[in-house]
Amino acid sequence: ELNAFVSRSGAMIAANVSDDGRFLAGFSFSSRLTIWDIQTGDIVAAHTLDFHKRGAPWICRWSSDNKTIVSAHMGGRLRVWDASRPTLPLIKEWQGHDRDVMDIFVAPQGDYLLSASLDNTVRKWSLPDGQLIAEYESPIRLDFEFHALAPSGEKAVVVCSDGSSFIWGIESET
């Protein structure tokens, strides 16, 4: 069975399904964050923000409890949204990197966020306050992307544009 979700506010540029499979969150080019109920197709929450002035999102991820959505944006911004409220208020926003953030992961316990950027860093942030906990910086220019986060949240597999990859022991960095 295939369900169609139509964004009434333009093409989707980032989307993610909640861990329990009940909701779809997506950002459109017209600066709207929307959450749909996957079963019914109904919009259950929405928020509009001027991304053109504040950086369009590249990616979004749900927390494991489905209460927050974290988004990564052009220009290095990170944002945490309250997905438990129909207006999706912004909980926290900070400048996480000097360049675009290409990938993020929310820890299974929801207590931290990992971000990978074109500024050659992978950073670990406390949630929801956005405090930097740890950083890995590559000595050469690499475009990072996460490809796996261990269920325990202790290790992340990061792959790079040059074909290399590494495993970061996250818990050892706290």
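For the structure, check the block above.
As a starting point, this report considers the structure included with it.

### Observations regarding the packing of aromatic side chains
Overall, the coordinates contain 3 aromatic pairs when judged by the stated rule. The aromatic ring of Phe105 is capped on one face by Arg61, whose charged end is 4.7 Å from the ring centroid. Over the face of the ring belonging to Tyr112 we find Lys124, whose NZ or CZ atom lies 4.4 Å from the ring centre.

### What to know about the pairing of strand 10 (residues 112-117)
In the case of a regular strand, side chains alternate between the two sheet surfaces. Strand 10 sits mainly inside the fold: 6 of its 6 residues count as buried. Side chains of strand 10 alternate between two faces, with Tyr112, Leu114 and Ala116 and Leu113, Ser115 and Ser117 buried alike. In this structure, strand 9 (residues 101-106) lies alongside strand 10, joined through 5 bridges in antiparallel fashion. The residue bridging Asp103 from the neighbouring strand is Ala116, located in strand 10. Hairpin connection between strand 9 and strand 10: a loop of 5 residues separates the two successive antiparallel strands, and Gly110 in this loop has a positive phi of roughly 80 degrees. With 5 bridges joining them, strand 10 and strand 11 (residues 121-126) adopt antiparallel strand pairing. Within strand 11, the residue paired with Leu113 across the bridge is Trp125.

### Thoughts on the nonpolar core
Of all hydrophobic cores here, the largest spans 14 residues; its most connected members are Phe27, Ile35, Trp62, Ile69, Trp81, Ala83 and Leu88. In terms of residues, this core owes the most to one element, strand 2 (residues 23-28), which gives 3 residues. Beyond its immediate stretch of four places on either side in the chain, Ala83 contacts Ile35, Trp62, Asn66, Lys67, Thr68, Ile69 and Leu88.

### A word on the environment of Asp103
Within the fold, Asp103 resides in strand 9. By relative accessible area, which is 5% here, Asp103 ends up buried. Taking the C-alpha atoms as reference, Asp103 lies 9.4 Å from Val122; in sequence the two are 19 residues apart. For Asp103, the side chain forms a polar contact with the side chain of Arg61, separated by 2.8 Å.

Definitions and limits used
- Residue numbers run consecutively from 1 along every chain, following the written order of its sequence.
- Reporting of local features is limited, given that this is a predicted model, to residues whose pLDDT is at least 70; pairs of side-chain atoms are given and counted only at 80 or more, and all residues count toward the totals for whole chains, interfaces and linings.
- Values shown for side chains rest on all heavy atoms present in the structure; no hydrogens or waters enter the calculation.
- Pairing of aromatic rings covers Phe, Tyr and Trp, the last through its six-membered ring, and needs centres within 6.5 Å; plane angles under 30 degrees mean stacked, over 60 mean edge-to-face, and all others mean tilted.
- Distance and angle both matter: a charge sits over a ring if NZ of Lys or CZ of Arg is within 6 Å of the ring centre and within 35 degrees of the ring normal.
- Exposure is judged per residue with a 1.4 Å probe applied to protein chains only, and the accessible area is read against the type maximum: over 50% gives exposed, under 20% gives buried, and values in between give partly exposed.
- Comment: elements are numbered from the N terminus, with helices defined as DSSP H or I runs of at least four residues and strands as E runs of at least two.
- Pairing between strands requires that DSSP locate at least two bridges from one strand to the other.
- Only buried residues count toward a nonpolar core. Its members are Ala, Val, Leu, Ile, Met, Phe, Trp, Tyr and Cys residues joined through side-chain atoms within 4.5 Å.
- Only heavy atoms matter for contacts: two residues are in contact if any of them lie within 4.5 Å across the pair.
- Contacts described as polar in this section are N or O atom pairs within 3.5 Å, which, within protein, must combine one atom able to donate a hydrogen with one able to accept it, while residues neighboring in sequence count only if both atoms come from side chains.

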